[in-house]
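# Observations on the model geometry
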Amino acid sequence: MEASALGVPGRALPLILVAAPVDAPLAWLAELEDPRFSYRMESSGHEVVRDVYRYRPDLLILGLRLRDPGPFEVLRRVREMSDELHIVAVDRAFRRAEALRALESGADDLLWYGMPDGLAKALLLARLRRATPVTPSEQLVEDGWLRLDLAAREVTVRGRFVPLTSLEFDLLHVLARNAGQVLSPEQLLRHAWRSRPDGDPSRVKYAVLRLRRGISRATGAEAPIETVRGVGYRYVGPGAHPA
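Attention here is on the structure that accompanies the text. Sequence order as written defines residue numbering, which begins from 1 separately in each chain. Totals for whole chains, interfaces and linings use every residue, but because this is a predicted model, local features are given only for residues with pLDDT of at least 70 and side-chain atom pairs only at 80 or more, for both listing and counting. Side-chain calculation: all heavy atoms of the structure are included, whereas hydrogens and water are not.

## Some remarks on the packing of helix 6 (residues 166–177) against helix 8 (residues 202–219)
Each axis is a line fitted through C-alpha atoms, taken for helices only over the stretch in contact, and angles between the N-to-C directions span 0 to 180 degrees. In this text, helices come from DSSP runs of H or I with a minimum length of four residues, and strands from runs of E with a minimum of two, each type numbered from the N-terminal end. Closest axis-to-axis distance for the helix 6/helix 8 pair is 10 Å, and the angle between their directions is 90°. Taken as axis vectors, helix 6 and helix 8 run roughly perpendicular relative to one another. Counted together, Glu168, Leu171, Leu172 and Leu175 of helix 6 and Ala207, Val208, Arg210, Leu211 and Ile215 of helix 8 form the full contact between these two elements. Lys, Arg, Asp and Glu make up the charged group, whereas Ala, Val, Leu, Ile, Met, Phe, Trp, Tyr, Cys and Pro make up the nonpolar group; the residues left over, Gly among them, are polar. Of the residues that constitute the contact of helix 6 with helix 8, the class distribution is seven nonpolar, no polar and two charged. The scheme is simple: roughly parallel for angles under 35 degrees, roughly antiparallel for over 145, roughly perpendicular for 65 to 115, oblique for anything else. Residue contacts are counted whenever heavy atoms from the two residues lie within 4.5 Å of one another.

## Notes on the pairing of strand 5 (residues 109–112)
Pairing between strands requires that DSSP locate at least two bridges from one strand to the other. Pairing of strand 4 (residues 86–91) with strand 5 involves four bridges; the strand directions are parallel. Each bridged residue has a counterpart across the sheet, and for Asp91 the counterpart in strand 5 is Trp112. Crossover handedness is defined here as right-handed if the route from the first strand over the helix to the second strand goes clockwise, with the strands pointing away from the viewer. Read from strand 4 through helix 4 (residues 96–105) to strand 5, the crossover connection turns out right-handed.

## Points about the nonpolar core
Ranked by size, the top nonpolar core spans 31 residues in total, and within it Leu146, Leu148, Leu171, Leu172, Leu175, Leu188 and Trp193 carry the most contacts. Secondary structure elements with two or more residues in this core: strand 7 (146–149), strand 8 (154–157), helix 6, helix 7 (185–191), helix 8 and strand 11 (232–235). The dominant element in this core, judged by the number of residues it contributes, is helix 6, at seven residues. Every residue in contact with Trp193, bar those within four places of it in the chain, is listed here: Arg56, Met81, Ser82, Leu167, Leu171, Leu188, Arg203, Val204 and Ala207. What is meant by a nonpolar core is a set of buried Ala, Val, Leu, Ile, Met, Phe, Trp, Tyr and Cys residues, joined one to another through side-chain atoms within 4.5 Å. Exposure categories follow from relative accessible area, calculated using a 1.4 Å probe and restricted to protein chains: below 20% of the type maximum is buried, above 50% is exposed, and the middle band is partly exposed.

## Some thoughts on the sheet that holds strand 2 (residues 38–42)
An order of 2-1-3-4-5 is seen for the five strands of this open sheet, with the pairing classed as parallel. Every interior strand has two partners, whereas the edge strands, strand 2 and strand 5, have only one. Taken pair by pair, the neighbouring strands of this sheet meet at an average axis angle of 20°, ignoring direction. Most of the contacts of helix 5 (residues 119–127) go to strand 5, to which it runs at about 155°, and overall it touches strand 3 (59–63), strand 4 and strand 5.

## A closer look at unusual backbone geometry
Residue Asp68 is joined to Pro69 through a cis peptide bond whose omega torsion reads -15°. Examined against the element boundaries, Pro69 turns out to sit in the loop between strand 3 and helix 3 (71–81). One non-glycine residue, Arg56, lies in the positive phi region at around 50°. On the accessibility criterion, Arg56 (8% relative accessible area) is buried. With a phi angle near 65°, Asp68 is a residue other than glycine that sits in the positive phi range. Position of Asp68 relative to the elements: it lies in the loop between strand 3 and helix 3. Of the residues examined, Asp68 reaches a relative accessible area of 47% and is grouped as partly exposed.

## Brief notes about the side chain of Glu168
Mapped onto the elements, Glu168 comes out in helix 6. Note on charges: Lys and Arg go in the positive column, Asp and Glu in the negative column, and His and the chain ends are not counted at all. Each reported salt bridge corresponds to a side-chain nitrogen of Lys or Arg within 4 Å of a carboxyl oxygen of Asp or Glu. Salt bridges are absent for the buried Glu168, whose nearest opposite-charge side chain, Arg210, sits at 4.0 Å. Throughout this description, a polar contact denotes any pair of N or O atoms lying within 3.5 Å of each other; where both atoms belong to protein, one of them has to be capable of donating a hydrogen while the other can accept it, and for residues adjacent in sequence the pair is counted only when both atoms sit in side chains. Only 3.0 Å separates the side chain of Glu168 from the backbone nitrogen of Thr165, close enough to count as a polar contact.

## Some remarks on the environment of Arg67
Mapped onto the secondary structure, Arg67 falls in the loop between strand 3 and helix 3. Spatially, the C-alpha atom of Arg67 lies 5.8 Å from that of Gly45, the residues being 22 residues apart in sequence. Apart from residues lying up to four places away in sequence, Arg67 is in contact with Ser43, Ser44 and Gly45. A polar atom in the side chain of Arg67 sits 3.2 Å from the backbone oxygen of Arg65.

## Quick word on the packing of helix 2 (residues 45–55) against helix 3
Remark: helix 2 packs on helix 3, axes separated minimally by 10 Å, with the N-to-C direction vectors making an angle of 10°. Taken together, the axis directions place helix 2 and helix 3 in an arrangement best described as roughly parallel. Packed against helix 2, whose contacting residues are Gly45, His46, Val48, Val49, Val52 and Tyr53, the element helix 3 presents Val74, Arg77, Val78 and Met81 at the interface. Of the residues assigned to the contact of helix 2 with helix 3, the class counts are seven nonpolar, two polar and one charged.

## Section: the pattern of salt bridges
All chains considered together, the criterion is met by 14 salt bridges. With a closest N to O distance of 3.8 Å, Glu98 and Arg95 form a salt bridge. Given the relative accessible area of 32%, Arg95 is considered partly exposed. Residues participating in the shared-partner salt-bridge network are Arg40, Glu42, Arg50 and Asp51.

Interpretation in functional terms is not warranted from these geometric data alone.
Here it is, written out as structure tokens:
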């Protein structure tokens, strides 16, 4: 598995983020390759946390010998962002103490490099069975003003490309899918952040601010996201946009 061939932010296939130290066995990593998935590989803890935030992978394979920071700090930070991301810890060999610590820290499963051929891949296939690509009708959100391409993860407004981060894209997607409805910060945390219910609602306020600025900067138009004081946020439909 070559780093240059790994997954990109816009994808229709489920994304596996592989977090492994640079000395991880190449043969074991190559065994995981499959045309049904896209991949992204990182070798430092900081890059892993960044990529979970930016790309929202469907599964994280986390090496227990990762550094900068180490795997248990990465687990803590990732679980602060998402309680739904499936995390598979992997080690060079089965070590009972490390396995228990990984599972207690937020990992869902454990693999090791010496497993029988094909078993690791079979486990990943089982875990990703629910991560099937959406149907074509679900890959686009269009309302005559806004167009979200879920497969390419691109946003255009009146044909003009709007550069957004992965989180901003997810936030806009949730709002646009529920056009006209007021969504509370807690609802947005659950669906856009895929976070625990006790996540900090103040994150929503600043993310909406960045999203509005990004749309206005790219289009010269006011972003169609209203604040309903004391309740939440609402995306208004195209009928409310100026001509």
